[in-house]
Amino acid sequence: MIWQGDPDRTKQVLSVQLIVAVLGIPVLVYQWHWWYTIYLVFFYSFLLFISHHAGLHRYFSHRSYTVTPFWHAFLCVSSCLACFGSPVGYSIIHRAHHVHTDTAQDPHAPDIGILNVILFNWNLSNLSMWDGIRDLRDPWMKFTHNYYALIVLTFALVLLAIDPVLFLCYSIANAGALLAMGFVNTMCHTHGLTTYQNHITKDTSSNSYLALVIGEWHNNHHANPQRWNQREQWWEVDYAAQFIRLIKT
């Protein structure tokens, strides 16, 4: 189907978002108002901490917490807005990442580079939608997979109808969230001045001090992937966990 959240469609949606973001930045700068900052921070926080971290990552991929039917439907739809694929498509890929971390079969091994992560140039040759057959039995997950691109398009058109600035802020903030996710999947599998480890794991996962802005403590997560709260040190702030705490059953 034309709207499905398969890798090719995900790549196309991402490309459109990034093009709009690049074109939209000078437009916003030219007519800048202080409240644009609020729009950008809101969309960035929502897409990164809720759509991706709480939804695609911890709820759908790892099933680390449970929610009511309302919040399940909310997460199914809102997770699509991060433009990293449908909950089913993303989960297949992310689970393979944990099984094959840092190997040639890792869909987004760190050596592919941050731009390839953002542009969805991933190693998907060994994956199949059969890996998500269990998830597709869920009506909401099947719906959001079949109509992933349409959900993103509808949301974008609604924002455009309300105020074109909202649409531009959404696309720019989404590009920022994609950059943050690309950073986690590359730089957080290396060791440098900005990274450290709380755990010795079988892979190269590390925490980055930049997680204070990005919100994912990657080494903590790889050591305990089923935990919905990644915070371990007192200063490690986990924004997604605060949202999860409110909605989990």
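Our structure is the block above this text.
For clarity, every value in this text was computed on a predicted model and none was experimentally measured. (Residues numbered from 1 in each chain as written. Predicted model: local features only at pLDDT ≥ 70, side-chain atom pairs only at ≥ 80, totals over all residues. Heavy atoms only, no water.)

Chemist: Quick rundown of the layout of surface pockets? Include the residues and the values.
Modeler: Computed from the structure, the largest pocket encloses a volume of approximately 270 Å³. The set of elements that each furnish at least two residues to the lining of the largest pocket consists of α1 (7-30), α7 (148-162) and α8 (164-186). Partitioned by chemical class, the residues of the lining of the largest pocket number 12 nonpolar, 2 polar and 1 charged. In this structure, the second largest pocket occupies an estimated 180 Å³ of space. Lining the second largest pocket are Y59, F60, R63, Y65, T66, H72, R134, D135, D138 and M141. (1 Å grid on protein atoms, 1.4 Å probe; cavity = no way out; pocket = protein on both sides within 12 Å on 5 of 7 lines; lining within 4 Å. Points joined across faces, edges and corners; volume = space filled by probe spheres on them. Helix = DSSP H or I, 4+ residues; strand = E, 2+ residues; numbered from the N terminus. Nonpolar A, V, L, I, M, F, W, Y, C, P; charged D, E, K, R; others polar.)

Chemist: Before we move on, can you summarise the environment of V152 with the specific residues and values?
Modeler: Topologically, V152 is positioned in helix α7. Judged by its relative accessible area of 6%, V152 is buried. Between the C-alpha atom of V152 and that of V77, which follows or precedes it by 75 residues, the distance is 9.1 Å. Apart from residues lying up to four places away in sequence, V152 is in contact with V13, C80, L81, C83 and Y170. (Buried < 20%, exposed > 50% of the residue type's maximum accessible area, 1.4 Å probe, protein only. Contact = heavy atoms within 4.5 Å.)

Chemist: Tell me what's going on with unusual backbone geometry, and back it up with residues and numbers.
Modeler: Phi is positive for R63, close to 50 degrees, though the residue is something other than glycine. Among the structural elements, R63 can be located in the loop between α2 (35-61) and α3 (69-80). With a phi close to 65 degrees, D102 is a non-glycine residue in the positive phi region. Its location among the elements puts D102 in the loop between α4 (87-99) and α5 (114-118). Given a relative accessible area of 28%, D102 falls into the partly exposed group.

Chemist: Describe in detail the packing of aromatic side chains, supporting the description with residues and values.
Modeler: For the structure shown, the criterion picks out 23 aromatic pairs. Measuring from ring centre to ring centre gives 5.5 Å for F42 and F43, while their planes differ by 65 degrees; the resulting arrangement is edge-to-face. Taken together, a centroid distance of 5.2 Å and an interplanar angle of 85 degrees make the contact between W71 and F74 edge-to-face. Residue W71 and its partner F74 are located together in helix α3, separated by 3 residues, close to a single helical turn. When its relative accessible area of 25% is taken as the criterion, W71 is described as partly exposed. An aromatic cluster is defined as three or more aromatic residues linked by ring pairs; in this entry it consists of F42, F43, F46, F70, W71, F74, F155, Y170 and F243. (Phe/Tyr/Trp six-rings, centres within 6.5 Å; stacked < 30°, edge-to-face > 60°.)

Chemist: An account of empty space enclosed by the protein is requested, with residue identities and associated values reported.
Modeler: Vacant regions in the atomic arrangement are exposed by a probe of water-molecule size rolled over the atoms. Counted under the stated rule, the structure contains 2 cavities of 30 Å³ or more. The computed volume of the largest cavity comes to approximately 50 Å³. Contributing to the lining of the largest cavity are H52, H57, Y90, H94, M181, V184, N185, E216 and H218. Among the elements of the structure, α2, α4 and α8 are those that each provide at least two residues to the lining of the largest cavity. The element that contributes the greatest number of residues to the lining of the largest cavity is α8, accounting for 3 residues. Of the residues in the lining of the largest cavity, the class split is 3 nonpolar, 5 polar and 1 charged. What the second largest cavity holds in volume is close to 30 Å³. What lines the second largest cavity is simply Y90, I93, H94, H108, W122 and N185. No other element matches the 3 residues that α4 contributes to the lining of the second largest cavity. Looking at side-chain class alone, the lining of the second largest cavity contains 3 nonpolar, 3 polar and no charged residues.

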